[in-house]
Amino acid sequence: AAGVIQSPRHLIKEKRETATLKCYPIPRHDTVYWYQQGPGQDPQFLISFYEKMQSDKGSIPDRFSAQQFSDYHSELNMSSLELGDSALYFCASSPAGTSGRGGYEQYFGPGTRLTVT
Amino acid sequence: ELKVEQNPLFLSMQEGKNYTIYCNYSTTSDRLYWYRQDPGKSLESLFVLLSNGAVKQEGRLMASLDTKARLSTLHITAAVHDLSATYFCAVDRGNTDKLIFGTGTRLQVFP
């Protein structure tokens, strides 16, 4: 079965550079979530989109922005990178539930490991 | 603010033994999830518990949910080395759907 695709899988950037992470949800999933997981930490919610509109926002720095496109893929843009941004970034997708705000189960992609030097 | 706590944080157990991981959460939630994560890897969905009293089993793992006590348990039966991983529970508040993760339990099974 098709899974969530993330690219790139690994990314090395220097401080103050920018990075763009991409996420391709499972076909027919219209809700996308982004999470950040620091070393030894639990995943922290950043932002989510439903039907190309932002549906929720967590502890996402102002330096980060994201959007969902007409084909439902999503991109997380990160600017002025800091050492503390080094982490695993996961994208997850889910189908719309009866509420239209997202389904019950989120399926996670393989993650992008971002290293800021 | 919804908080999710797991205990223990670390668990080292011998093969063949049984143990339970506990997940407590602070506010009402009807949906609880268990995930497994191997080092540097993605989160693999293990169980989705949607109602009070729900119990699900897969192999040597069994999960249950008590929404009144705001408690979920993940029981490991006759542990084997392949179960070594970090286990996260997570809840959502229904109306927003974002997942709030517990602190994780790092499980190591030794011979």
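Cut-offs applied
Residues numbered from 1 in each chain as written. Chains lettered and ligands numbered in written order. Predicted model: local features only at pLDDT ≥ 70, side-chain atom pairs only at ≥ 80, totals over all residues. Heavy atoms only, no water. pLDDT = per-residue confidence, 0-100. Helix = DSSP H or I, 4+ residues; strand = E, 2+ residues; numbered from the N terminus. Pairing = 2+ DSSP bridges. Axes fitted to C-alpha atoms, helices over the stretch in contact; angles between N-to-C directions. Buried < 20%, exposed > 50% of the residue type's maximum accessible area, 1.4 Å probe, protein only.

Draft legend 1. Layout of the confidence of the model for chain B. Here chain B averages 92 in pLDDT, while 96% of its residues score no lower than 70. Confidence, expressed as mean pLDDT per element, reaches its minimum in chain B at strand β5 (residues 43–49) of chain B with 93 and its maximum at strand β8 (residues 71–76) of chain B with 97.

Draft legend 2. Structural view of the sheet that holds strand β1 (residues 4–7) of chain B. Residue and element names in this part refer to chain B. Pairing is antiparallel across the open sheet formed by five strands, whose spatial order is β1-β3-β8-β7-β6. Both edges of this open sheet fall to β1 and β6 (55–58), since each of them pairs with a single strand only. Strand-to-strand twist of the sheet, defined as the mean angle between neighbouring strand axes without regard to direction, takes the value 15 degrees. Sheet topology places β1 next to strand β3 (residues 19–25); four bridges connect them, and they run antiparallel. What sits directly across from E5, in β3, is N24.

Draft legend 3. Here's a closer look at unusual backbone geometry. In this model, A:S7 is joined to A:P8 through a cis peptide bond whose omega is -10 degrees. Inspection of the secondary structure puts A:P8 in the loop between β1 (5–7) and β2 (10–13). Backbone torsion omega between B:N7 and B:P8 reads 0 degrees, so that peptide bond is classified as cis. Within the fold, B:P8 resides in the loop between β1 and β2 (10–14). With a phi angle near 75 degrees, A:R16 is a residue other than glycine that sits in the positive phi range. Mapping A:R16 onto the fold places it in the loop between β2 and β3 (19–24). Phi is positive for A:S80, which is not a glycine, with a value near 45 degrees. Here A:S80 shows up in the loop between β8 (74–78) and β9 (87–94). For A:S80, a relative accessible area of 39% gives the class partly exposed.

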